[in-house]
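Inside the fold
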Amino acid sequence: GAQENAQASERLSTLIDEGVAAGRFRTDLDPLELHWLISALSFHNVSNMFTFQHIFGDALHSKAGQQTLCRHVVSTVLRSVLIDTHDIDTLLDD
């Protein structure tokens, strides 16, 4: 609920501050907007699972499909916050 969302935004604010202080994150990031982005990318996968399965089959919701989608979500979020995105593939492999 509301408390969990507030806690998530507070945690993101701390992470953003740490990333900016380390010189890795952009300085114009907004914790609420980042929370929205992560939520939107995650919620769509869950809320539309049955529709996508019905229309397109089970490939995206298999274990391998979910791992691929997760990698795409993490890559998208990292590309939106990092100043230097050239090493994202290395970060994803860690």
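In this text, all values refer to a predicted model and were calculated from it rather than measured experimentally.

1. Remarks on the overall build of the protein
Per the secondary structure count, the protein includes 5 helices and 0 strands. Overall, the protein shows an N-to-C arrangement of helices and strands of α-α-α-α-α. If one aligns the C-alpha atoms of the protein with their principal axes, the spans along those axes are about 45 × 35 × 20 Å. Counting the 94 residues in the protein, one finds 19% classified as buried. Considering only contacts in the protein between residues 6 or more positions apart, those separated by 24 or more positions represent 43%. For the protein, the accessible surface area stands at approximately 6,800 Å², while carbon and sulfur atoms represent 60% of it. The protein carries 6 positive and 13 negative side-chain charges, and their two centres are separated by 6 Å.

2. Focus: the confidence of the model for the protein
In the predicted model, the protein carries a mean pLDDT of 90, and 99% of its residues have values of at least 70. The lowest-confidence element of the protein is helix H5 (residues 88–93), averaging 81 in pLDDT; the highest-confidence one is helix H4 (residues 63–81), averaging 92.

3. Here we look at the pattern of salt bridges
Taken as a whole, this structure holds 4 salt bridges when the rule is applied. For Arg24, the salt bridge is made with Asp87, and the minimal N-O distance between the two is 3.6 Å. Taken together, the residues span a long stretch of sequence, with Arg24 in the loop between helix H1 (2–21) and helix H2 (31–47) and Asp87 in the loop between H4 and H5 at a distance of 63 residues. The residue Asp28 makes a salt bridge to Arg26 at a minimum N-O spacing of 2.9 Å. Residue Asp28 is classed as exposed on the basis of its relative accessible area of 53%. By relative accessible area, Arg26 is classed as partly exposed at 31%.

4. Focus: the packing of aromatic side chains
Within the structure shown, the criterion is met by 1 aromatic pair. Seen from their ring centres, Phe52 and Phe56 are 5.3 Å apart, and the 55° between their planes marks the pair as tilted. One end of the pair, Phe52, and the other, Phe56, are both in helix H3 (residues 49–56), 4 residues apart, so they sit about a helical turn from each other. We classify Phe56 as exposed; its relative accessible area is 59%.

Calculation criteria
Residues numbered from 1 in each chain as written. Predicted model: local features only at pLDDT ≥ 70, side-chain atom pairs only at ≥ 80, totals over all residues. Heavy atoms only, no water. Helix = DSSP H or I, 4+ residues; strand = E, 2+ residues; numbered from the N terminus. Buried < 20%, exposed > 50% of the residue type's maximum accessible area, 1.4 Å probe, protein only. Contact = heavy atoms within 4.5 Å. Areas by Shrake-Rupley, 256 points an atom, 1.4 Å probe, with all protein chains shown as cover. Lys, Arg positive; Asp, Glu negative; His and termini not counted. Charge placed at Lys NZ, Arg CZ, Asp CG, Glu CD. pLDDT = per-residue confidence, 0-100. Salt bridge = Lys/Arg side-chain N within 4 Å of Asp/Glu carboxyl O. Phe/Tyr/Trp six-rings, centres within 6.5 Å; stacked < 30°, edge-to-face > 60°.

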